[in-house]
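# Residue-level structure breakdown
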Amino acid sequence: MPLRTKTVKEFQEDIERATVSGDWKHVHDFYLTTFGSFLELNAAFKKDASPPFNTIEDSGINTKFVNAVYDALSHTPPDAQRAVLKGIINSLLREWKGSRRTKDDLRAYFILVQNPQCTSPATYVIYAHLLRQIAALAEADHYFLMHWFKKLSQKRFKQLVERLHLFISTRLFPVKPEELPPMAKCSWWIPSATKVLSLLNAANIISSTPILPFVDFYNPTLDHTDFMEDYRIWQTQGNSTRFTFCQFAFILSTVVKKAVIQKDSEQQMISMARQSLVDKVSRRQRVDMSLLFLNIKVRRLQLVSDSMDELTRNRADLKKKLKVSFVGEAGLDMGGLTKEWFLLLIRQIFHTDHGMFTFFKDSHCHWFSSWKCDNYSEFRLVGVLMGLAVYNSITLDISFPPCVYKKLLTPPVVPCDLDPPVGMATLTLDDLQQVMPDLSHGLAELLSYEGNVEEDFCTTFQVSQEELGVIKSYNLKPGGDKIPVTNQNRKEYVQLYVDFLLNKSIYRQFTTFYYGFHSVCASDALMLLRPEEVEILVCGSPNLDMSSLQKAAQYEGYSKTDPTIRAFWDVVLGFPLKFQKRLLHFSTGSDRVPVGGMADLNFKISKIDASTDWLPISHTCFNQICLPPYKNKKELKQKLTIAISNAEGFGLE
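Residues numbered from 1 in each chain as written. Predicted model: local features only at pLDDT ≥ 70, side-chain atom pairs only at ≥ 80, totals over all residues. Heavy atoms only, no water.

### Brief notes about the pattern of salt bridges
Convention followed: Here, a salt bridge means any Lys or Arg side-chain nitrogen found within 4 Å of an Asp or Glu carboxyl oxygen. Labels follow the DSSP assignment, with helices taken as runs of H or I lasting at least four residues and strands as runs of E lasting at least two, numbered in each case from the N terminus. When accessible area is computed with a 1.4 Å probe and restricted to protein chains, residues below 20% of their type maximum are described as buried, those above 50% as exposed, and intermediate ones as partly exposed.
Enumeration over the complete set of coordinates arrives at 22 salt bridges. For Lys46, the salt bridge goes to Asp104, with nearest N and O atoms at 3.2 Å. With Lys46 in the loop between helix H3 (38-45) and helix H4 (63-73) and Asp104 in helix H6 (residues 103-112), this residue pair connects regions lying 58 residues apart in the sequence. The exposure class of Lys46 is buried, given its relative accessible area of 11%. The closest approach of N and O atoms between Arg156 and Asp71, which form a salt bridge, is 2.9 Å. You can see Arg156 sitting in helix H9 (residues 154-172) and its partner Asp71 sitting in helix H4, a full 85 residues away along the chain. Its relative accessible area of 15% is what places Arg156 among the buried residues. Overall, Asp71 belongs to the partly exposed group, its relative accessible area being 38%. Sharing partners across several salt bridges, the network here consists of Lys6, Asp14 and Arg17.

### Topic: the domain arrangement of the protein
Definition in use: Those domain boundaries reflect an automatic or database domain assignment.
Per the domain assignment, the segments of the protein are domain 1 (8-233), domain 2 (265-402), domain 3 (429-539) and domain 4 (546-646). Each of domain 1 and domain 3 has a C-alpha centre, and these two points are 43 Å apart.

### Side note on helix H8 (residues 139-149)
Rules: Contacts were defined at the residue level, with two residues in contact if any of their heavy atoms lie within 4.5 Å.
Where burial is concerned, most of H8 is hidden: 8 out of the 11 residues are buried. Restricting attention to buried positions, one finds in H8 the residues Asp141, His142, Phe144, Leu145, Met146, His147, Trp148 and Phe149. Considering only its buried residues, H8 is in contact with H6, helix H7 (124-135), H9 and helix H10 (189-206).

### With respect to the UniProt feature "active site" (unreviewed entry) in the protein
For clarity, the cut-off: UniProt positions are given in the numbering used here, feature names are shortened, and annotations may be inferred rather than shown by experiment.
Within the UniProt annotation, "active site" (unreviewed entry) is assigned to Cys621. With respect to the secondary-structure elements, Cys621 resides in the loop between strand S9 (617-619) and strand S10 (624-627).

### A closer look at the pairing of strand S3 (residues 357-360)
Both faces of the sheet carry side chains from a regular strand, because those side chains alternate between them. Selection rule: Here a strand pair is declared whenever DSSP counts at least two bridges between the two strands.
Two strands pair when backbone bridges link them, and S3 and strand S4 (residues 365-368) are joined in this way by 4 bridges, in the antiparallel orientation. Considered in S4, the bridge of Thr358 is made with Trp367. Between S3 and the antiparallel strand that follows it, S4, lie 4 residues; His364 among them carries a positive phi value of about 55°.

### Some remarks on the sheet that holds strand S7 (residues 554-556)
Quick note on the threshold: To get an axis, a line is fitted to the C-alpha atoms, and for a helix only the part in contact is used. The angle between two axes follows their N-to-C directions and goes from 0 to 180 degrees.
Spatial strand order, S7-S8-S10-S9: 4 strands in an open sheet with mixed pairing. Strands at the two margins of the open sheet, each flanked by one partner only, are S7 and S9. Averaged over all pairs of adjacent strands, the angle between their axes in this sheet comes to 25°, without regard to strand direction. Here 3 bridges tie S7 to strand S8 (residues 604-607), and the two strands are oriented parallel to one another. Bridging across to S8, Tyr555 finds its partner in Ile605.

### Things to note about the packing of H7 against H10
Going by this rule: Oblique is the label for any angle not under 35 degrees, not over 145, and not in the 65 to 115 range, which are roughly parallel, roughly antiparallel and roughly perpendicular in turn. In this scheme the crossing of two helices becomes right-handed for a clockwise turn of the near helix relative to the far one and left-handed for an anticlockwise turn of less than a right angle. Residues are grouped as follows: Ala, Val, Leu, Ile, Met, Phe, Trp, Tyr, Cys and Pro are nonpolar; Asp, Glu, Lys and Arg are charged; every other residue, Gly included, is polar.
Direction vectors running N to C along H7 and H10 enclose 60°, while the axes themselves pass 8 Å from each other. Here H7 is positioned oblique relative to H10, judged by the angle of their axes. Two packed elements cross with a definite hand, and for H7 against H10 that hand is left-handed. Contacts between H7 and H10 involve Tyr124, Val125, Ala128, Leu131, Arg132, Ile134 and Ala135 on the former and, on the latter, Trp189, Ser192, Ala193, Lys195, Val196 and Leu199. Along the lines of polarity and charge, the residues of the contact of H7 with H10 split into 10 nonpolar, 1 polar and 2 charged.

Shown next, in the form of structure tokens:
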């Protein structure tokens, strides 16, 4: 290997001298030589030429020097910048012909992929070849690169991710198509970039703390592609040699995944309705158009029992479009009654008096009650409700901890054989922290305790918990009540304890819940989802941004400059969160924000020519609120507060 001993300080001094004198030859030669081959790259940037640095923990690269060289590049004359590109072309051509792969080769790829010049379409041909070579590396090499990527600073890591997204977006929708080769000649560009991006995504996942939020790996450009065709190809060919974005689902936004699930569910709805129609006709029976829907008819005072009976009776129709009616009420369901049914039912089921779920105040979430019973059908009802909500694009106000959604996707597709356990996710102390923070803290202290665990804690592999007022004990392993917890086996104890609390103690309850959800939502599209994305599809986002709602609002009979409208938004933006949620529920039937954000609500404010003594009224099925032309802001606030505080039922019982 050539001997290169330039330091960061010496390089920066070269840049300063060249800036003052205008003579950039020394810097130009450094760039031309350094980037001309993989050997020169290692000679310049490797910490030491002797040690092999063949570990995942240390790339052996002087990161500070790499950053200094790249940061200075944009301030150098065009000749120096072209010298780097010319050198990269030469080095890539040499490596493409060779078959050897050493850790020095990986170091060179790792350095080159950080080049900030790769943001310009003028460099994309070179960048594409670099990405192609990295994507074609062996799995063992990808493993090393993945671990080296996670050692980058957040700033550099984010720049890499953004650069790859820009490359993919520009190739899909070029501003100036003439700047890029025809798509037919470079069909490998996007697959190569996506595969390299997947290494960064993997690095983000294995990092102890994610470097970036997972949403930063979404490419919103893909929202405007034919993702359903991509999904169909993936469904039929899976992870074959033919590239699809569905193979790399991390890059698809929740908006795309929701659309895929909806379109997939629509096809299933149409198929179910068509089958019902054909069955009627073939038996020469009168066709009733109601058979095209899942019709639920319930009494408000027997909401839970009626809903269970209706869903059980119509089990074969769960994939049809849902329509709800309340007995004795004249409301016609155009969407609003369905939303109200979900809201009221969820409130009753999750009420502590109902006994199905325990609410933990410290974590502000519900968890499955571990009591044993003869009938777990109500847990199936909750699963069905969640599935119907996703299927019918309804958001629910459910406060489950994130690990519930991990369990719900374990596995994401119901096994054909009913014997394999479901919902038995691999969970950790971090998952327990989101449910029972105090207990999690106590177990963490046990793991870090420096004294004698056996003598000081006097604990065995047995746990006790209260079930309907009775304390019951369970062994975490055979003979657990006689096995003391020691310094040597405490990790096993904690893992078994977590597994017992979050998996085994609620296995029957969760299994029934799991099958209820999947009885409605069974779809290949679920395999595309992260647990966090399932939660967003079910619950929407609880983070209200009324300013965004104001920007997206539509008007009928009013304009945004009318005094009533200005007063309305002054009042709403000044409301506490509690009343903002009530307003959203009053207007839309739900106090949650859908996947696409406030803009997806299609929120409308309409004018009604009525006395200002009237309260505002709403049409929840159309996400519409109707306002009389109130005289002033005080009157509007008073009437609006009364309306949103008394917003349930038709009063026709």
